[in-house]
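As a plain string of letters, each chain reads:
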Amino acid sequence: MDFTALRYFSATAQSRSIRSASDRLHVSPSAISRQIAKLEHELRAPIFDRHAQGMKLTPAGEILLSKMDSVMREFSRVKSHIAALQDLQAGNVDIYCFQTAIESFVAPVLNRFHTQYPDVTFNIRMSSTDEAIEALITGTAEISLVINPPAHDNITRLEVFRDRMVAVFSPQHRLAGRKIVLLRELEDFPFALTEPSFGLRQQLDRVFARHGFEPNTFCVTNSLALVKEVASIGNNCTVLPRFAVERELAAGSIKSAAVREFGAEPLGFFICTLSDRSLSPAAKVFMDIVVDYCRRYRV
């Protein structure tokens, strides 16, 4: 199937007008019409209904358009691979990652990479564990940085480091002077927690259920920053990975204590990729830099 024809089809579908697609692509309307007719001949089905108001996709056209995004992303990755083979190290790397990674190490890793390979562009989106895995499966992401990813037949998981879980509270909290606490000692304090789609929350819920602990939850959010802020005030608390609160501990805005029940339940940080898709050279180098930088977090 002709890539030019697909490109002309995509532009027409988005603008719903051959004339608008012509202006956007800087080609004649007749050239676009010929390519669309060629596609319809190959597919043996009409892909547009022609109306006075413009071009409307047929059911066959809807199916074709739904596949175009992944085709274009894969073509972009192919160009990145070819550019790298030519020692240009150009292209784009699409990454989904959890918020703690963004707050802790993504920026210095990107800076180190950019210093060596200034022509590579990164598209980074903060996401939950469920969103990050789905992005890999659909081809939206080339790499996902994930806490405790679920097992999946098509996903390759590389464990980078493990961290211990700690209870987090304000410096004035009644438990602020403790080095270690039990879950039952936290049952009377208001909890702030992340949403259930987060790998961190899924880990907490498993351990809570195993020990029959029901947190007094009054705040659920997709913002890790808000969880930490809420836990730093009054009698509130939460449970987070130790590396997620390093800055706040150093600044003295919070205190933490190890939670005994999590001693045998370390939290794992993984780099996830799709098993049957080869990574671009830029993505491979990015992974190597992440692994090297995160050695400092290993316990």
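In this report, the structure presented in the accompanying data block is examined.

Calculation rules
- Residues numbered from 1 in each chain as written.
- Predicted model: local features only at pLDDT ≥ 70, side-chain atom pairs only at ≥ 80, totals over all residues.
- Heavy atoms only, no water.
- Helix = DSSP H or I, 4+ residues; strand = E, 2+ residues; numbered from the N terminus.
- Rg over C-alpha atoms; globule rule 2.2 N^0.38 Å.
- Buried < 20%, exposed > 50% of the residue type's maximum accessible area, 1.4 Å probe, protein only.
- Contact = heavy atoms within 4.5 Å.
- Areas by Shrake-Rupley, 256 points an atom, 1.4 Å probe, with all protein chains shown as cover.
- Lys, Arg positive; Asp, Glu negative; His and termini not counted.
- Charge placed at Lys NZ, Arg CZ, Asp CG, Glu CD.
- Core = buried A, V, L, I, M, F, W, Y, C linked by side-chain atoms within 4.5 Å.
- Salt bridge = Lys/Arg side-chain N within 4 Å of Asp/Glu carboxyl O.
- Expected span 1.5 Å × (residues − 1).
- Pairing = 2+ DSSP bridges.
- Axes fitted to C-alpha atoms, helices over the stretch in contact; angles between N-to-C directions.

1. Concerning the overall build of the protein chain
The helix and strand inventory of the protein chain stands at 10 helices and 13 strands. Computed over its C-alpha atoms, the radius of gyration of the protein chain comes to 25 Å, more than 25% above the 19 Å expected for a compact globule of 299 residues. In terms of its C-alpha atoms, the protein chain occupies a principal-axis envelope of roughly 75 × 45 × 35 Å. Counting across all 299 residues of the protein chain, residues that qualify as buried make up 47%. For the protein chain, the proportion of contacts with a sequence separation of at least 24, taken over those separated by at least 6, is 74%. With the model as given, the accessible surface of the protein chain reaches about 15,100 Å², and the carbon-plus-sulfur share is 49%. One finds the centroid of the 35 positive side-chain charges in the protein chain at a distance of 2 Å from the centroid of its 33 negative side-chain charges.

2. Thoughts on the nonpolar core
The biggest cluster of nonpolar side chains holds 63 residues, and the ones touching the most others in it are F105, I143, L145, L186, F262, F269 and I271. A per-element tally of this core places helix α10 (residues 281-293) first, with eight residues. Dropping the residues within four chain positions of it, I271 is found in contact with I143, S144, L145, T156, R157, L158, V160, M287, V290 and V291. Within the second largest apolar cluster, 18 residues are counted, among which are F9, A13, I18 and A21.

3. Here we look at the pattern of salt bridges
This model, assessed by the stated rule, comprises eight salt bridges. E103 is the partner of K228 in a salt bridge, and the nearest nitrogen-oxygen pair spans 2.7 Å. Highlighted residues: K228 in helix α8 (residues 224-231) and E103 in helix α5 (residues 99-116), separated in sequence by 125 residues. In this structure K228 comes out as buried when scored by relative accessible area, which is 6%. With a relative accessible area of 22%, E103 lands in the partly exposed category. For R201, the salt bridge goes to D205, with nearest N and O atoms at 3.0 Å. In this pair, R201 and D205 both sit in helix α7 (residues 199-210), four residues apart, roughly one turn of the helix. By sharing partners, the salt bridges in this structure join E103, K228 and E248 into a single network.

4. Some remarks on helix α1 (residues 3-15)
An ideal rise of 1.5 Å per residue puts 18 Å on 13 residues; α1 measures up with 19 Å between its terminal C-alpha atoms. What α1 keeps buried is the set A5, L6, Y8, F9, S10, A11, T12 and A13. One or two steps after α1, the chain reaches R16, where phi turns positive at roughly 60 degrees.

5. Observations regarding the sheet that holds strand β8 (residues 180-181)
With mixed pairing, the four strands of this open sheet are ordered in space as β8-β12-β7-β11. One side of each edge strand has no neighbouring strand; the edge strands of this open sheet are β8 and β11 (238-241). Relative to strand β12 (residues 255-259), β8 runs parallel, the two being bridged by two bridges. Following the sheet pairing, I180 is matched in β12 by A258. Packed onto the sheet, α7 meets β7 (165-169) and β11 and runs at close to 120 degrees relative to β11.

6. Thoughts on α7
Between its terminal C-alpha atoms α7 stretches 17 Å, which fits the 16 Å expected from 12 residues at 1.5 Å a residue. Along α7, the positions that sit buried rather than exposed are G199, L200, R201, Q203, L204, V207 and F208. Just past α7, the residue G212 takes up positive phi, approximately 65 degrees.

7. Examining unusual backbone geometry
Its identity as a non-glycine residue notwithstanding, R16 has a phi of 60 degrees, on the positive side. Along the chain, R16 turns up in the loop between α1 and α2 (18-25). When its relative accessible area of 61% is taken as the criterion, R16 is described as exposed.

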